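# Architecture and fold: a report
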Amino acid sequence: MVASCMLRSSFLCPCPQLHHPSNSKSNNSIHFCTPIKATASTNDAITPSAQTQKHRRPADENIREEARRLSSSHNFSAKYVPFNADPNSDEWYSLDEIVYRSRSGGLLDVQHDMNALKKFDGQYWRNLFDSRVGKTTWPYGSGVWSKKEWVLPEIDSDDIVSAFEGNSNLFWAERFGKQFLGMTDLWVKHCGISHTGSFKDLGMTVLVSQVNRLRKMHKPVVGVGCASTGDTSAALSAYCASAGIPSIVFLPANKISMAQLVQPIANGAFVLSIDTDFDGCMQLIREVTAELPIYLANSLNSLRLEGQKTAAIEILQQFDWEVPEWVIVPGGNLGNIYAFYKGFQMCKELGLVDRIPRLVCAQAANANPLYLHYKSGLKDFKPVKANTTFASAIQIGDPVSIDRAVFALQNCNGIVEEATEEELMDAMAQADSTGMFICPHTGVALTALFKLRNSGVIKPTDRTVVVSTAHGLKFTQSKIDYHSKEIKDMECRFANPPVEVKADFGSVMDVLKSYLLSKNSKQ
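Residues numbered from 1 in each chain as written. Predicted model: local features only at pLDDT ≥ 70, side-chain atom pairs only at ≥ 80, totals over all residues. Heavy atoms only, no water.

## Considering the overall build of the chain
Tallying secondary structure elements over the chain gives 19 helices and 12 strands in all. Buried residues in the chain amount to 57% of all 523 residues. Taking the contacts inside the chain whose residues are at least 6 apart along the sequence as the reference set, 71% of them involve residues at least 24 apart. Element-wise, carbon and sulfur atoms account for 51% of the exposed surface of the chain, whose accessible area totals about 22600 Å². (Helix = DSSP H or I, 4+ residues; strand = E, 2+ residues; numbered from the N terminus. Buried < 20%, exposed > 50% of the residue type's maximum accessible area, 1.4 Å probe, protein only. Contact = heavy atoms within 4.5 Å. Areas by Shrake-Rupley, 256 points an atom, 1.4 Å probe, with all protein chains shown as cover.)

Pasting the structure below:
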């Protein structure tokens, strides 16, 4: 019964109350209106206490058909512009064009019509986004599409491909923070609790939805392709499979986990295992998509960042729109650090919050071009040859989004840190020992936190969020190797191997007594 009551469109709910004091006046009547209509009058606003009748959609109508029936027009829009372009530049492209770079060869960015969005104040947007959490209304049950007006405002809800991704857990890492860091307000944003087990779902729902729209417009798109270190291919193949769109995946041979490899295979992707690293795969997919009608899905494509930025908005939403002091993000191809900055900055510009947090980008020492660039004063970026790292998804030496990352860090007083293989594996084991089950990339972020706490940069009471980008179940072999102490030249200080015992009561009792005594002595 509860579920059936939730199966209703938010368009049937009253608008959140607007806050434009100069135009407001009392009105006790109830109006049922579209909450995103940019031309709505403030006279249509209602009091927060007003109740609305709950409507159940017809039994023979699914939630997509319900959204189609209740669709409404609005005045919001977005377009591609050259990234960090001169304000006087007149270069722009429709999101319905297939374009990945500007005329000069630079990156593109999705620019929203901020003047249209600013017709509604911060309280309006907070109320609207909050009203959609936990609903099954299409497409707002998704943590991404609950912010549709800020993501792809012009896409028809019928074209959206979604698994109701997002709305991921933000949990208080109480024991880990207290025991290992002396912190009281440490949180982990677990983006790995998602449809395919990583944050990549947030961006892929946006990209594949736009491709779905383009194909319906009869644009020359036969399939979607990506180069991947594992998680991107999993997300791409799943969302393409859901929409019936062919997916093509370039993977570096023998450089990703079996759990990551099986996902695109299971979802029907055409997988090419190529004898090169990620950077080599990326070069090949760029060349291929320039010649064939295959849509490029890597983070060179700025559409994905529009979905990924919603994780930042979610963090603010989960803190009841309070801003943390720090957010630590693992970085490889570096689109995500910019996406988080963009989400936070958009909330500030539109009045939902009054400041943004400081960002930390954490890199593996074996693939650390941004860290080296940061240490050199952000002058004369030089790619590196990425060496093997347990944090395989960020094993990238020539990141596509280097300019985006630098821009984000410079505008939030950000920091870059690195983690050696032993540091990241130890951090992962320590976190797991307190009840987590994190991926090696989160181990990189936790190592950055250790270093910034030890140096006094992050204070004991600073509210800090560590972004966990993938689920630990994708990286079980690395955990097995660590706890078996089978990693060459690594002490594995926090390993917890099983104890072999003879099958008799006395032997078992001896072992248990020894274990319990050791635990008791530590308390």
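## Structural notes on a nonpolar patch on the surface
Side chains of Val-499, Val-501, Val-508, Val-511 and Leu-512 sit close together on the surface and give an oily, nonpolar patch of about 370 Å² of accessible area. For Val-508, the position within the fold is in helix H19 (residues 505-522). (Patch = residues over 30% accessible without salt bridge, like charges linked within 9 Å, V, L, I, M, F, W, Y side chains within 5 Å. Salt bridge = Lys/Arg side-chain N within 4 Å of Asp/Glu carboxyl O.)

## What about empty space enclosed by the protein?
What the rule picks out here adds up to 4 cavities of 30 Å³ or more. The computed volume of the largest cavity comes to approximately 290 Å³. Around the largest cavity sit 26 residues that line it, and Phe-199, Lys-200, Gly-332, Asn-333 and Ala-393 are the ones nearest its centre. Secondary-structure elements contributing two or more residues to the lining of the largest cavity are helix H8 (231-243), helix H11 (303-308) and helix H13 (335-349). In terms of residues, the lining of the largest cavity owes the most to one element, H13, which gives 3 residues. For the lining of the largest cavity, the residue count by class is 9 nonpolar, 14 polar and 3 charged. (1 Å grid on protein atoms, 1.4 Å probe; cavity = no way out; pocket = protein on both sides within 12 Å on 5 of 7 lines; lining within 4 Å. Points joined across faces, edges and corners; volume = space filled by probe spheres on them. Nonpolar A, V, L, I, M, F, W, Y, C, P; charged D, E, K, R; others polar.)

## Regarding the packing of helix H7 (residues 200-216) against H8
Close contact between H7 and H8 brings their axes to 9 Å; oriented N to C, the two are set at 40°. One way to sum up the angle between H7 and H8 is to call them oblique. Where H7 crosses over H8, the two elements pack in a sense that is right-handed. In contact with Lys-200, Asp-201, Met-204, Thr-205, Val-208 and Asn-212 of H7, H8 contributes Asp-231, Thr-232, Ala-235, Leu-236, Tyr-239, Cys-240 and Ala-243. Counted by class, the contact of H7 with H8 contains 7 nonpolar, 3 polar and 3 charged residues. (Axes fitted to C-alpha atoms, helices over the stretch in contact; angles between N-to-C directions. Parallel < 35°, antiparallel > 145°, perpendicular 65-115°, else oblique. Left-handed = near helix turned anticlockwise from the far one by under 90°.)

## Quick notes on the nonpolar core
In this structure, Trp-125, Trp-150 and Tyr-295 are the most contacted members of the largest nonpolar core, which totals 106 residues. Of the residues forming this core, the biggest block, 8 residues, is contributed by H13. Counting 37 residues, the second largest nonpolar core, distinct from the first, contains Leu-181, Leu-186, Leu-446 and Leu-452. (Core = buried A, V, L, I, M, F, W, Y, C linked by side-chain atoms within 4.5 Å.)

## Side note on the pattern of salt bridges
Going through the model one piece at a time under the given rule, you end up with 17 salt bridges. Residue Asp-159 is joined to Lys-216 by a salt bridge in which the shortest nitrogen-to-oxygen separation is 2.9 Å. Within this pair, whereas Asp-159 is found in the loop between helix H5 (148-151) and strand S3 (170-172), its partner Lys-216 is found in helix H7, the two being separated by 57 residues in sequence. We note a salt bridge from Arg-463 to Glu-322, for which the minimum N-O separation is 3.3 Å. Taken together, the positions of Arg-463 in the loop between helix H17 (440-454) and strand S12 (464-468) and Glu-322 in the loop between helix H12 (310-318) and strand S9 (326-330) put the pair 141 residues apart, joining distant regions of the chain. Shared partners join several salt bridges into a network, and the residues in it are Asp-109, Glu-306, Lys-309 and Lys-342.

## A short note on the sheet that holds strand S8 (residues 294-296)
Spatial strand order, S7-S6-S5-S8: 4 strands in an open sheet with parallel pairing. Strands at the two margins of the open sheet, each flanked by one partner only, are strand S7 (270-274) and S8. Strand after strand, the sheet turns through a mean of 25° between neighbouring axes, direction not considered. Relative to S7, strand S6 (residues 247-252) runs parallel, the two being bridged by 5 bridges. Opposite Pro-252, over in S7, you have Ile-274 as the bridge partner. Running at roughly 145° to S8, H7 makes contact with strand S5 (223-227) and S8 of the sheet. Lying on the sheet, helix H10 (residues 278-291) is in contact with S5, S6, S7 and S8; it crosses S6 at an angle near 150°. (Pairing = 2+ DSSP bridges.)

## Notes on the UniProt feature "modified residue: N6-(pyridoxal phosphate)lysine" (unreviewed entry) in the chain
UniProt feature "modified residue: N6-(pyridoxal phosphate)lysine" (unreviewed entry): in the numbering of this structure it lies at Lys-200. By secondary structure assignment, the location of Lys-200 is in helix H7. In this structure Lys-200 touches Asp-231, Thr-232, Ala-235 and Arg-304, once residues within four positions along its chain are discounted. (UniProt positions renumbered as here; feature names shortened; annotations may be inferred.)

## Things to note about the environment of Trp-125
You can see Trp-125 is positioned in helix H4 (residues 122-132). For Trp-125, a relative accessible area of 0% puts it in the buried group. The spacing of Trp-125 and Leu-352 is 227 residues in sequence and 7.2 Å in space, taken between C-alpha atoms. Those residues in contact with Trp-125 that sit more than four places away from it in its chain are Phe-76, Leu-117, Phe-120, Glu-149, Trp-150 and Leu-352.

## Describing the sheet that holds strand S10 (residues 358-364)
With mixed pairing, 6 strands are arranged side by side in an open sheet as S3-S4-S12-S9-S10-S11. Only two strands of the sheet have a single partner each, and these edge strands are S3 and strand S11 (415-419). Neighbour-to-neighbour, the strand axes of this sheet turn through a mean angle of 25°, independent of strand direction.

## Structural notes on the pairing of strand S2 (residues 108-112)
In terms of burial, S2 is largely enclosed, as 4 of its 5 residues are buried. Two strands pair when backbone bridges link them, and strand S1 (residues 78-82) and S2 are joined in this way by 5 bridges, in the antiparallel orientation. Its bridge partner lying in S2, Tyr-80 is registered against Val-110.

## Considering helix H6 (residues 174-181)
Restricting attention to buried positions, one finds in H6 the residues Phe-176, Gly-177 and Leu-181. The buried side chains of H6 occupy one side of the element, clustering within an arc of 95° when seen end-on. Lining the buried residues of H6 we find strand S4 (186-190), helix H16 (421-432) and H17. Positive backbone phi, approximately 65°, marks Gly-182, located one or two places after H6. (Arc of directions from axis to C-beta.)

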